[in-house]
Amino acid sequence: MSASTSIEKIADWAGRNHLVVGALGTLMSLAAIGISAATLWATRSEVVEHAHETSRNVAAVLVSEIARTVETSNNALIALSADLGKPEVRRMDAGLRHDLLFQRAAAQYVTGMGVTDREGRLIDACCGPSHHWNFGDRDYFKVHRDSPNVGLYVSEAYRARSRGGTESIALSRRIERPDHTFNGIAVVAIDLAYFDQLLSRLDVGPHGISAIVRADGTILARNPSLNDHQMVRLRHSKAFDRMLNQDSGFYAAYSRIDGTLRLYTFQRVPGTPLIAVVAPAEADVLAGFIRMSWSVGVSASLLCALFCAVVWLLAFALRDNLRKQTLLTDLTRTDPLTGLHNRRALDVALADEWERLQRGHDGSLSVLFIDADHFKQYNDRYGHARGDTA
(Lines give C-alpha, C1' and ligand atoms only; values in the text may rest on other atoms or scores of the structure.)
Protein backbone atom coordinates (compact mmCIF):
# COMPACT_ATOMS: atom_id res chain seq x y z
CA MET A 1 0.00 0.00 0.00
CA SER A 2 1.48 3.35 -1.06
CA ALA A 3 1.78 6.28 1.28
CA SER A 4 -0.68 8.35 -0.73
CA THR A 5 -3.27 5.58 -0.53
CA SER A 6 -2.82 5.31 3.21
CA ILE A 7 -3.21 9.08 3.60
CA GLU A 8 -6.37 9.00 1.48
CA LYS A 9 -7.86 6.25 3.62
CA ILE A 10 -6.99 8.11 6.82
CA ALA A 11 -8.52 11.30 5.44
CA ASP A 12 -11.60 9.37 4.35
CA TRP A 13 -11.98 7.82 7.83
CA ALA A 14 -11.48 11.20 9.49
CA GLY A 15 -14.11 12.77 7.27
CA ARG A 16 -16.62 10.04 8.16
CA ASN A 17 -15.78 10.34 11.89
CA HIS A 18 -15.16 14.05 12.23
CA LEU A 19 -16.72 14.19 15.71
CA VAL A 20 -14.30 11.51 16.92
CA VAL A 21 -11.37 13.49 15.48
CA GLY A 22 -12.52 16.68 17.21
CA ALA A 23 -13.06 14.85 20.49
CA LEU A 24 -9.57 13.31 20.29
CA GLY A 25 -8.09 16.76 19.68
CA THR A 26 -9.98 18.12 22.67
CA LEU A 27 -8.77 15.25 24.86
CA MET A 28 -5.19 15.86 23.73
CA SER A 29 -5.53 19.53 24.66
CA LEU A 30 -6.96 18.67 28.05
CA ALA A 31 -4.17 16.11 28.58
CA ALA A 32 -1.56 18.76 27.74
CA ILE A 33 -3.15 21.17 30.24
CA GLY A 34 -3.24 18.39 32.83
CA ILE A 35 0.44 17.61 32.30
CA SER A 36 1.26 21.30 32.64
CA ALA A 37 -0.76 21.52 35.84
CA ALA A 38 0.95 18.41 37.26
CA THR A 39 4.35 19.84 36.37
CA LEU A 40 3.51 23.14 38.03
CA TRP A 41 2.30 21.34 41.16
CA ALA A 42 5.53 19.34 41.32
CA THR A 43 7.46 22.60 40.92
CA ARG A 44 5.41 24.13 43.74
CA SER A 45 6.29 21.20 46.00
CA GLU A 46 9.97 21.67 45.14
CA VAL A 47 9.74 25.39 45.98
CA VAL A 48 8.14 24.63 49.35
CA GLU A 49 10.74 21.92 50.05
CA HIS A 50 13.52 24.35 49.17
CA ALA A 51 12.00 26.93 51.54
CA HIS A 52 11.86 24.27 54.24
CA GLU A 53 15.49 23.36 53.67
CA THR A 54 16.51 27.01 53.80
CA SER A 55 14.51 27.60 56.99
CA ARG A 56 16.00 24.47 58.53
CA ASN A 57 19.51 25.74 57.80
CA VAL A 58 18.68 29.16 59.25
CA ALA A 59 17.16 27.56 62.36
CA ALA A 60 20.22 25.32 62.71
CA VAL A 61 22.55 28.34 62.61
CA LEU A 62 20.37 30.13 65.16
CA VAL A 63 20.31 27.09 67.44
CA SER A 64 24.07 26.67 67.08
CA GLU A 65 24.67 30.28 68.13
CA ILE A 66 22.39 30.00 71.16
CA ALA A 67 23.82 26.59 72.11
CA ARG A 68 27.31 28.04 72.01
CA THR A 69 26.21 30.85 74.33
CA VAL A 70 24.53 28.40 76.69
CA GLU A 71 27.57 26.12 76.67
CA THR A 72 29.94 28.99 77.44
CA SER A 73 27.74 30.17 80.29
CA ASN A 74 27.32 26.62 81.58
CA ASN A 75 31.07 26.06 81.61
CA ALA A 76 31.52 29.28 83.55
CA LEU A 77 28.88 28.20 86.06
CA ILE A 78 30.46 24.76 86.47
CA ALA A 79 33.85 26.31 87.13
CA LEU A 80 32.31 28.87 89.48
CA SER A 81 30.44 26.18 91.43
CA ALA A 82 33.57 24.03 91.65
CA ASP A 83 35.68 26.92 92.87
CA LEU A 84 33.14 27.92 95.50
CA GLY A 85 33.10 24.35 96.77
CA LYS A 86 36.75 24.66 97.77
CA PRO A 87 37.21 25.81 101.41
CA GLU A 88 40.38 27.69 100.58
CA VAL A 89 38.53 29.81 98.02
CA ARG A 90 35.82 30.69 100.53
CA ARG A 91 38.47 31.80 103.04
CA MET A 92 40.19 34.11 100.53
CA ASP A 93 40.07 37.89 100.70
CA ALA A 94 36.76 39.08 99.22
CA GLY A 95 38.37 41.25 96.56
CA LEU A 96 40.84 38.60 95.50
CA ARG A 97 38.12 35.96 95.46
CA HIS A 98 35.93 38.23 93.32
CA ASP A 99 38.71 38.67 90.77
CA LEU A 100 39.36 34.92 90.72
CA LEU A 101 35.76 33.83 90.38
CA PHE A 102 34.48 36.34 87.87
CA GLN A 103 37.36 36.77 85.49
CA ARG A 104 35.47 34.43 83.11
CA ALA A 105 32.46 36.73 82.84
CA ALA A 106 33.81 38.92 80.10
CA ALA A 107 31.41 37.82 77.38
CA GLN A 108 29.37 40.67 75.96
CA TYR A 109 26.04 38.87 76.20
CA VAL A 110 26.47 38.07 79.91
CA THR A 111 24.89 41.03 81.69
CA GLY A 112 24.90 39.51 85.16
CA MET A 113 26.74 36.73 86.96
CA GLY A 114 26.75 35.95 90.65
CA VAL A 115 26.37 33.50 93.51
CA THR A 116 23.84 33.32 96.30
CA ASP A 117 23.78 31.68 99.69
CA ARG A 118 21.28 29.01 100.65
CA GLU A 119 18.65 31.67 101.41
CA GLY A 120 18.92 33.31 98.01
CA ARG A 121 20.89 36.36 99.14
CA LEU A 122 23.42 37.58 96.59
CA ILE A 123 26.88 37.29 98.14
CA ASP A 124 29.05 38.17 95.14
CA ALA A 125 28.54 39.25 91.53
CA CYS A 126 30.53 40.33 88.53
CA CYS A 127 28.46 43.07 86.99
CA GLY A 128 27.54 45.38 89.83
CA PRO A 129 28.74 46.47 93.28
CA SER A 130 25.44 45.95 95.06
CA HIS A 131 25.24 42.70 97.02
CA HIS A 132 21.96 43.31 98.83
CA TRP A 133 19.55 41.54 96.52
CA ASN A 134 17.64 38.43 97.49
CA PHE A 135 16.60 36.02 94.73
CA GLY A 136 14.97 33.42 96.96
CA ASP A 137 11.63 33.91 95.17
CA ARG A 138 13.01 33.31 91.70
CA ASP A 139 12.26 30.05 89.89
CA TYR A 140 15.93 29.59 89.04
CA PHE A 141 16.72 29.54 92.78
CA LYS A 142 13.80 27.47 94.06
CA VAL A 143 14.26 24.70 91.51
CA HIS A 144 17.80 23.97 92.77
CA ARG A 145 16.80 24.35 96.40
CA ASP A 146 14.05 21.78 95.99
CA SER A 147 15.88 19.26 93.79
CA PRO A 148 19.55 18.22 93.71
CA ASN A 149 19.53 16.76 90.18
CA VAL A 150 18.39 19.60 87.98
CA GLY A 151 21.76 20.41 86.45
CA LEU A 152 21.67 23.48 84.23
CA TYR A 153 18.37 25.31 84.53
CA VAL A 154 17.09 27.90 82.07
CA SER A 155 14.67 30.18 83.85
CA GLU A 156 11.48 31.89 82.84
CA ALA A 157 11.77 35.43 81.57
CA TYR A 158 11.85 38.06 84.31
CA ARG A 159 12.63 41.72 84.94
CA ALA A 160 16.00 42.11 86.64
CA ARG A 161 15.82 43.94 89.96
CA SER A 162 19.50 44.77 89.97
CA ARG A 163 19.55 46.19 86.44
CA GLY A 164 16.61 48.53 86.19
CA GLY A 165 13.96 45.99 85.20
CA THR A 166 15.80 44.71 82.12
CA GLU A 167 14.04 41.66 80.68
CA SER A 168 16.30 38.65 81.03
CA ILE A 169 16.55 34.93 81.51
CA ALA A 170 18.86 33.19 83.96
CA LEU A 171 21.04 30.10 83.63
CA SER A 172 21.73 28.60 87.03
CA ARG A 173 23.45 25.66 88.67
CA ARG A 174 23.30 24.29 92.20
CA ILE A 175 26.18 24.85 94.67
CA GLU A 176 26.63 22.14 97.27
CA ARG A 177 28.56 21.68 100.48
CA PRO A 178 30.99 18.79 100.85
CA ASP A 179 28.12 16.72 102.31
CA HIS A 180 26.04 17.48 99.14
CA THR A 181 23.54 19.68 100.95
CA PHE A 182 22.25 22.81 99.25
CA ASN A 183 24.45 25.86 99.66
CA GLY A 184 23.15 28.35 97.08
CA ILE A 185 23.33 28.79 93.31
CA ALA A 186 25.60 30.19 90.66
CA VAL A 187 23.66 32.20 88.12
CA VAL A 188 24.25 33.93 84.80
CA ALA A 189 21.77 36.48 83.45
CA ILE A 190 21.31 37.00 79.71
CA ASP A 191 19.26 39.92 78.43
CA LEU A 192 16.43 39.11 76.01
CA ALA A 193 17.95 41.79 73.81
CA TYR A 194 20.59 39.20 72.96
CA PHE A 195 17.92 37.08 71.23
CA ASP A 196 16.43 40.16 69.56
CA GLN A 197 19.85 40.95 68.14
CA LEU A 198 20.17 37.42 66.75
CA LEU A 199 16.74 37.52 65.10
CA SER A 200 17.30 40.97 63.61
CA ARG A 201 20.03 39.50 61.40
CA LEU A 202 17.66 36.99 59.80
CA ASP A 203 15.76 37.68 56.58
CA VAL A 204 12.58 35.59 56.43
CA GLY A 205 10.69 37.68 53.90
CA PRO A 206 8.30 40.65 54.16
CA HIS A 207 5.60 38.69 56.00
CA GLY A 208 7.70 36.01 57.71
CA ILE A 209 8.55 35.75 61.40
CA SER A 210 11.38 34.36 63.50
CA ALA A 211 11.19 33.71 67.21
CA ILE A 212 12.80 32.19 70.28
CA VAL A 213 10.22 30.55 72.50
CA ARG A 214 10.31 28.64 75.74
CA ALA A 215 8.70 25.22 76.11
CA ASP A 216 6.06 26.71 78.41
CA GLY A 217 4.85 28.95 75.58
CA THR A 218 6.69 32.12 76.57
CA ILE A 219 7.95 34.12 73.60
CA LEU A 220 11.37 35.36 74.63
CA ALA A 221 11.99 37.20 71.36
CA ARG A 222 10.14 37.65 68.08
CA ASN A 223 10.81 39.53 64.88
CA PRO A 224 8.55 41.40 64.26
CA SER A 225 7.68 41.95 67.91
CA LEU A 226 4.23 41.45 69.49
CA ASN A 227 2.24 43.40 72.02
CA ASP A 228 1.12 41.79 75.29
CA HIS A 229 -2.36 40.90 74.00
CA GLN A 230 -0.91 39.13 70.98
CA MET A 231 1.54 37.27 73.23
CA VAL A 232 -1.35 35.79 75.22
CA ARG A 233 -3.14 34.69 72.07
CA LEU A 234 -0.01 33.09 70.72
CA ARG A 235 0.60 31.09 73.86
CA HIS A 236 -2.77 29.42 73.46
CA SER A 237 -2.31 28.52 69.80
CA LYS A 238 -1.94 24.95 68.53
CA ALA A 239 1.43 25.85 67.03
CA PHE A 240 3.11 25.40 70.42
CA ASP A 241 1.55 21.98 70.93
CA ARG A 242 3.32 20.72 67.80
CA MET A 243 6.67 21.98 69.05
CA LEU A 244 6.61 20.42 72.50
CA ASN A 245 6.79 16.76 71.51
CA GLN A 246 9.56 16.93 68.90
CA ASP A 247 13.12 18.21 68.78
CA SER A 248 12.54 19.63 65.30
CA GLY A 249 9.84 19.73 62.69
CA PHE A 250 8.06 21.49 59.84
CA TYR A 251 4.41 22.33 59.25
CA ALA A 252 2.19 24.92 57.60
CA ALA A 253 -0.41 26.81 59.63
CA TYR A 254 -2.41 30.01 59.66
CA SER A 255 -1.39 32.59 62.23
CA ARG A 256 -3.99 33.34 64.88
CA ILE A 257 -2.70 36.90 65.00
CA ASP A 258 -2.84 38.08 61.38
CA GLY A 259 -4.29 35.06 59.54
CA THR A 260 -1.16 34.65 57.40
CA LEU A 261 -0.33 31.14 56.23
CA ARG A 262 3.27 30.45 57.21
CA LEU A 263 5.68 27.54 56.82
CA TYR A 264 6.98 26.86 60.33
CA THR A 265 10.35 25.23 60.91
CA PHE A 266 11.38 24.75 64.52
CA GLN A 267 14.35 23.24 66.34
CA ARG A 268 15.01 22.89 70.03
CA VAL A 269 18.28 24.11 71.53
CA PRO A 270 19.85 20.93 72.98
CA GLY A 271 19.65 20.60 76.75
CA THR A 272 17.37 23.62 77.16
CA PRO A 273 13.65 24.44 76.93
CA LEU A 274 14.41 27.00 74.21
CA ILE A 275 13.00 26.53 70.70
CA ALA A 276 14.10 28.45 67.60
CA VAL A 277 11.33 29.13 65.08
CA VAL A 278 11.72 30.31 61.48
CA ALA A 279 8.47 30.82 59.54
CA PRO A 280 8.44 32.53 56.14
CA ALA A 281 5.00 33.36 54.75
CA GLU A 282 3.83 30.95 52.07
CA ALA A 283 2.84 33.90 49.87
CA ASP A 284 6.43 35.19 49.99
CA VAL A 285 7.87 31.75 49.28
CA LEU A 286 5.54 31.15 46.32
CA ALA A 287 5.55 34.70 44.90
CA GLY A 288 7.96 33.87 42.06
CA PHE A 289 6.29 30.52 41.43
CA ILE A 290 2.84 32.14 41.20
CA ARG A 291 4.08 34.63 38.62
CA MET A 292 5.63 31.81 36.60
CA SER A 293 2.44 29.72 36.98
CA TRP A 294 0.29 32.49 35.57
CA SER A 295 2.63 32.90 32.63
CA VAL A 296 2.90 29.18 31.91
CA GLY A 297 -0.77 28.50 32.60
CA VAL A 298 -2.10 31.26 30.36
CA SER A 299 0.33 30.37 27.56
CA ALA A 300 -0.46 26.66 27.77
CA SER A 301 -4.20 27.34 27.86
CA LEU A 302 -4.04 29.59 24.80
CA LEU A 303 -1.94 27.08 22.86
CA CYS A 304 -4.23 24.20 23.81
CA ALA A 305 -7.33 26.22 22.89
CA LEU A 306 -5.75 27.13 19.55
CA PHE A 307 -4.79 23.51 18.92
CA CYS A 308 -8.28 22.35 19.80
CA ALA A 309 -9.84 24.93 17.47
CA VAL A 310 -7.53 23.91 14.62
CA VAL A 311 -8.38 20.23 15.13
CA TRP A 312 -12.12 20.91 15.04
CA LEU A 313 -11.75 23.10 11.94
CA LEU A 314 -9.72 20.35 10.27
CA ALA A 315 -12.32 17.73 11.25
CA PHE A 316 -15.17 19.74 9.72
CA ALA A 317 -13.05 20.50 6.67
CA LEU A 318 -12.40 16.77 6.16
CA ARG A 319 -16.12 16.10 6.55
CA ASP A 320 -17.01 18.73 3.95
CA ASN A 321 -14.27 17.47 1.64
CA LEU A 322 -15.60 13.91 1.93
CA ARG A 323 -19.10 15.11 1.09
CA LYS A 324 -17.81 16.95 -1.98
CA GLN A 325 -15.80 13.95 -3.09
CA THR A 326 -18.84 11.70 -2.66
CA LEU A 327 -20.99 14.13 -4.62
CA LEU A 328 -18.43 14.38 -7.43
CA THR A 329 -18.11 10.61 -7.55
CA ASP A 330 -21.89 10.26 -7.78
CA LEU A 331 -22.01 12.85 -10.58
CA THR A 332 -19.34 11.06 -12.59
CA ARG A 333 -21.19 7.74 -12.25
CA THR A 334 -24.74 8.97 -12.91
CA ASP A 335 -26.40 9.88 -16.20
CA PRO A 336 -27.73 13.44 -15.79
CA LEU A 337 -30.69 12.77 -18.08
CA THR A 338 -32.07 9.59 -16.59
CA GLY A 339 -30.45 9.61 -13.17
CA LEU A 340 -29.25 6.07 -13.73
CA HIS A 341 -25.72 4.75 -13.33
CA ASN A 342 -23.63 5.22 -16.46
CA ARG A 343 -20.84 3.23 -18.10
CA ARG A 344 -18.22 4.40 -15.56
CA ALA A 345 -20.40 3.12 -12.72
CA LEU A 346 -20.80 -0.16 -14.57
CA ASP A 347 -17.03 -0.51 -14.97
CA VAL A 348 -16.50 0.13 -11.24
CA ALA A 349 -19.22 -2.34 -10.29
CA LEU A 350 -17.85 -4.99 -12.63
CA ALA A 351 -14.31 -4.47 -11.22
CA ASP A 352 -15.57 -4.77 -7.65
CA GLU A 353 -17.58 -7.88 -8.39
CA TRP A 354 -14.72 -9.47 -10.29
CA GLU A 355 -12.36 -8.79 -7.34
CA ARG A 356 -14.91 -10.31 -4.97
CA LEU A 357 -15.22 -13.34 -7.22
CA GLN A 358 -11.47 -13.78 -7.27
CA ARG A 359 -11.35 -13.91 -3.49
CA GLY A 360 -13.94 -16.70 -3.32
CA HIS A 361 -13.74 -20.31 -4.41
CA ASP A 362 -17.30 -21.28 -5.39
CA GLY A 363 -18.80 -17.93 -6.36
CA SER A 364 -20.38 -17.02 -9.71
CA LEU A 365 -20.94 -13.83 -11.66
CA SER A 366 -23.69 -13.16 -14.17
CA VAL A 367 -24.08 -10.15 -16.46
CA LEU A 368 -27.51 -9.40 -17.95
CA PHE A 369 -27.69 -7.15 -21.03
CA ILE A 370 -31.15 -5.90 -22.07
CA ASP A 371 -31.79 -4.08 -25.35
CA ALA A 372 -35.19 -2.64 -26.22
CA ASP A 373 -35.67 -3.18 -29.97
CA HIS A 374 -37.31 -0.53 -32.07
CA PHE A 375 -37.46 1.96 -29.15
CA LYS A 376 -37.00 4.80 -31.66
CA GLN A 377 -40.51 4.19 -32.94
CA TYR A 378 -41.80 4.70 -29.37
CA ASN A 379 -40.02 8.04 -29.18
CA ASP A 380 -41.29 9.09 -32.57
CA ARG A 381 -44.85 8.20 -31.70
CA TYR A 382 -45.12 9.39 -28.08
CA GLY A 383 -42.32 11.88 -27.89
CA HIS A 384 -38.92 11.86 -26.19
CA ALA A 385 -40.37 12.91 -22.85
CA ARG A 386 -42.46 9.78 -22.70
CA GLY A 387 -39.46 7.78 -23.88
CA ASP A 388 -37.30 9.14 -21.08
CA THR A 389 -40.00 8.30 -18.57
CA ALA A 390 -40.23 4.77 -19.96
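Scoring rules and cut-offs
- Residues numbered from 1 in each chain as written.
- Predicted model: local features only at pLDDT ≥ 70, side-chain atom pairs only at ≥ 80, totals over all residues.
- Heavy atoms only, no water.
- Helix = DSSP H or I, 4+ residues; strand = E, 2+ residues; numbered from the N terminus.
- Buried < 20%, exposed > 50% of the residue type's maximum accessible area, 1.4 Å probe, protein only.
- Contact = heavy atoms within 4.5 Å.
- Areas by Shrake-Rupley, 256 points an atom, 1.4 Å probe, with all protein chains shown as cover.
- Polar contact = N/O pair within 3.5 Å; in protein donor to acceptor, adjacent residues only side chain to side chain.
- pLDDT = per-residue confidence, 0-100.
- Pairing = 2+ DSSP bridges.
- Axes fitted to C-alpha atoms, helices over the stretch in contact; angles between N-to-C directions.
- Core = buried A, V, L, I, M, F, W, Y, C linked by side-chain atoms within 4.5 Å.
- Disulfide = S-S within 2.5 Å.

Caption draft 1: Representation of the overall build of the protein chain in the model. Secondary structure assignment for the protein chain yields 13 helices and 11 strands. Within the protein chain, the proportion of its 390 residues that are buried is 36%. Taking contacts inside the protein chain between residues at least 6 apart in sequence as the whole, the part at least 24 apart equals 49%. Surface summary for the protein chain: the accessible area is close to 23,700 Å², and the carbon and sulfur share equals 57%.

Caption draft 2: Inspection of the side chain of S155 at higher detail. In this fold, S155 is placed in the loop between β3 (153-154) and β4 (158-159). Judged by its relative accessible area of 0%, S155 is buried. A polar atom in the side chain of S155 sits 2.7 Å from the backbone nitrogen of A170. Aside from chain neighbours lying at most four places away, what touches S155 is D139, Y140, I169, A170 and R214.

Caption draft 3: Here's a closer look at the confidence of the model for the protein chain. This prediction gives the protein chain a mean pLDDT of 82; 87% of its residues lie at or above 70. Model confidence for the protein chain, summarised as mean pLDDT per element, is weakest for helix α4 (residues 94-101) at 53 and strongest for β3 at 94.

Caption draft 4: Quick peek at the sheet that holds strand β9 (residues 248-254). Spatially, the 5 strands line up as an open sheet ordered β8-β7-β11-β10-β9, and their pairing is antiparallel. Whereas interior strands pair on both sides, the edge strands pair on one side only; in this sheet they are β8 (219-223) and β9. On average, each strand axis in the sheet is inclined to that of its neighbour by 20°, with strand direction left out of account. Strand direction decides the pairing type here: strand β10 (residues 261-268) and strand β11 (residues 274-279), joined by 4 bridges, are antiparallel. Among the inter-strand pairings, F266 is bridged to a residue of β11, identified as V277. Packed on one face of the sheet, helix α6 (residues 193-200) meets β7 (209-214), β8 and β11 and runs near 30° to β8.

Caption draft 5: Structural context of the nonpolar core. Grouped together as the largest cluster of nonpolar side chains are 28 residues, with contacts concentrated most on L62, I66, I169, L171, F195, I212 and L274. Counting residues per element, the ones that place at least two in this core are α2 (18-84), β1 (110-116), β5 (167-176), β6 (182-191), α6, β8 and β11. With 7 residues, α2 is the single largest residue contributor to this core.

Caption draft 6: Looking closely at the state of the cysteines. Counted under the stated rule, the structure contains 0 disulfides. In this model C304 remains outside any disulfide bridge; the closest cysteine sulfur is found in C308, 8.9 Å from its own. On the basis of relative accessible area, C304 is assigned to the buried category, the value being 10%. According to the relative accessible area criterion, C308 is buried, its value standing at 15%.

Caption draft 7: Structural view of unusual backbone geometry. Cis rather than trans, the peptide bond between N223 and P224 has omega equal to 5°. For H180, which is not glycine, the phi torsion reads 70° and is therefore positive. For H180, the position within the fold is in the loop between β5 and β6.

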